[in-house]
Amino acid sequence: MKKLIKLSQKKRFEGISSIRYDCAELSAPLVHIPSSDDVILETISGENWVILMEKVKHANGRYYNFQLNVSGKILDFQMCYTNGHPIVCLHNRDNESVFPSIHNYILDLFGTSMQYNWYEEDLKRYFIPKLQNVSFCIDMHLAQDFTDMENLETFFSTSPVFKWIRLNAALTSQPFSPESKFYQAESIIINQSQHSFPAILRHFEGRQATIECSEWETSEDLIGFVNRWKSGAAFQKLEYLKFKLLKGPLRKNQILNEIGAQYIDRAKKPPTHSLPKVYDFDYIPTEPNTDPIISRAYVVRQSDSYVASILIEEKTISFGVWNKTEEEFLKLMN
């Protein structure tokens, strides 16, 4: 049956780039299978959604209309007659075994080359399961009166390293530990009151970071960030960083002077730095790449001579690492 499905749905399968387990605003986790071309309309209308968890008890005392064998586990199903969603009915005690069963079935159908993302918003409602070939993403908001840093640190320490984190953070009295797995996320988008929480410019270990900061006193952390990258002491996986100051300008000349920036000849056109985003929140990405960086200013890493372009505008600094040595980078302008 699976072979027949794959053959008959080959065109649709080719338009599917990722599968998302969505534990966001709705009352139950969902499997979302976004697609392109003619399947987009079906995605919008909800026909590509599967509700993973719902408890609806029938008059006969049962929680299901029919049963199916899913990866060796018998699951109870019912149909949502409003929009045709299949619903998996379960008790809370079944969560830890049901999610792997459903994922293993989908994994067997679509294969290991598919991207599987688990998207989470509410830390109190759902657990983060351990699933094969799945990347984890989370959208968080920490209010100014947030005081539960100990449990938040425990959550990150007991979870897999996240592929993507988006955090809206007010300043709290207790920061993340420098060794926190929060800083190990591949991609981070932060809107923060002050640059010191979280301290991305000091402790980030991932690949891509976008930061919006309300208040800023000195340029020391930005200068220190670039100089630590230049020395090879930190940020070795970094590909792209964008820092936007919401209040007040950046001290462009001071920063460029203190990081020892070098410059491309004015007679030559600088290359454009842009990379595929690690993760795009939108179901159908409108902009799959990082914002382009076109700048004559650059710095060189001492350990391997790799280059990073630096663009400083009135309120924004963009930092893009090239997978090229300085010699290879300068040849791009020939």
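For the structure itself, look to the data block above.
Calculation notes
- Residues numbered from 1 in each chain as written.
- Predicted model: local features only at pLDDT ≥ 70, side-chain atom pairs only at ≥ 80, totals over all residues.
- Heavy atoms only, no water.
- Core = buried A, V, L, I, M, F, W, Y, C linked by side-chain atoms within 4.5 Å.
- Buried < 20%, exposed > 50% of the residue type's maximum accessible area, 1.4 Å probe, protein only.
- Helix = DSSP H or I, 4+ residues; strand = E, 2+ residues; numbered from the N terminus.
- Contact = heavy atoms within 4.5 Å.
- Phe/Tyr/Trp six-rings, centres within 6.5 Å; stacked < 30°, edge-to-face > 60°.
- Lys NZ or Arg CZ within 6 Å of the ring centre and 35° of its normal.
- Salt bridge = Lys/Arg side-chain N within 4 Å of Asp/Glu carboxyl O.
- Polar contact = N/O pair within 3.5 Å; in protein donor to acceptor, adjacent residues only side chain to side chain.

## Some details on the nonpolar core
Then, number 1: Within the largest apolar cluster, 74 residues are counted, with the highest numbers of intra-cluster contacts made by I19, F182, F243 and F319.
Then, number 2: Ranked by residues supplied to this core, first place goes to helix α4 (residues 95-110) with 7 residues.
Then, number 3: In this structure F243 touches L201, I211, C213, W216, L222, L250, K315, T316 and I317, once residues within four positions along its chain are discounted.
Then, number 4: The next biggest cluster of nonpolar side chains, apart from the first, holds 7 residues, and it includes I264, Y298, F329 and M333.

## Some points on unusual backbone geometry
Then, number 1: If you check the backbone angles, N133 has positive phi at about 65° while not being a glycine.
Then, number 2: Among the structural elements, N133 can be located in the loop between β7 (115-120) and β8 (134-142).
Then, number 3: In this structure, S305 is a non-glycine residue whose phi angle is positive, near 65°.
Then, number 4: With respect to the element layout, S305 can be found in the loop between β16 (297-300) and β17 (306-312).

## Focus on the packing of aromatic side chains
Then, number 1: A complete count under the given rule lists 21 aromatic pairs for this structure.
Then, number 2: A ring pair is formed by Y21 and W118, whose centres lie 5.9 Å apart and whose planes are at 65°; its orientation type is edge-to-face. Remark: W118 occurs in strand β7 and Y21 occurs in strand β1 (residues 18-23); sequence separation between them is 97 residues.
Then, number 3: Using a relative accessible area of 2% as the deciding quantity, one classes Y21 as buried.
Then, number 4: With a centroid separation of 5.3 Å and an interplanar angle of 80°, the aromatic rings of F182 and Y183 are classed as edge-to-face.
Then, number 5: Looking at Y183, the relative accessible area reads 1%, which means it is buried.
Then, number 6: The rings of F155, F156, F162, F176, F182, Y183 and F197 are connected pair by pair, giving a single aromatic cluster.
Then, number 7: Directly above the aromatic system of Y119 lies the positively charged group of R20, at a separation of 4.3 Å from the ring centroid.

## Focus: the pattern of salt bridges
Then, number 1: Per the counting criterion, the structure on display carries 8 salt bridges.
Then, number 2: Taking the shortest distance from any N to any O, the salt bridge between R20 and D22 comes out at 3.2 Å.
Then, number 3: Here R202 makes a salt bridge to D221, at a shortest N to O gap of 3.2 Å. With a gap of 19 residues between them, R202 in helix α6 (residues 200-203) and D221 in helix α7 (residues 220-231) connect regions that are remote in the sequence.
Then, number 4: A cluster of three or more residues bridged by salt bridges with shared partners is formed by E186, R207 and E239.

## As for the environment of Y240
Then, number 1: Tracing the chain through its elements places Y240 in strand β12 (residues 240-245).
Then, number 2: Sequence-wise, Y240 and A209 are 31 residues apart; in three dimensions their C-alpha atoms are separated by 6.4 Å.
Then, number 3: When residues no more than four places from it in sequence are discounted, the contact partners of Y240 are R207, Q208, A209, T210, T290, D291, I293 and F319.

## Digging into the side chain of S295
Then, number 1: Structurally, the position occupied by S295 is in the loop between β15 (293-294) and β16.
Then, number 2: One polar contact links the side chain of S295 to the main-chain amide nitrogen of A297, over a distance of 3.1 Å.
Then, number 3: At 2.5 Å, the side chain of S295 and the backbone oxygen of I310 are in polar contact.
Then, number 4: Ignoring sequence-local partners within four residues, the contact set of S295 consists of I264, P270, I310 and L311.

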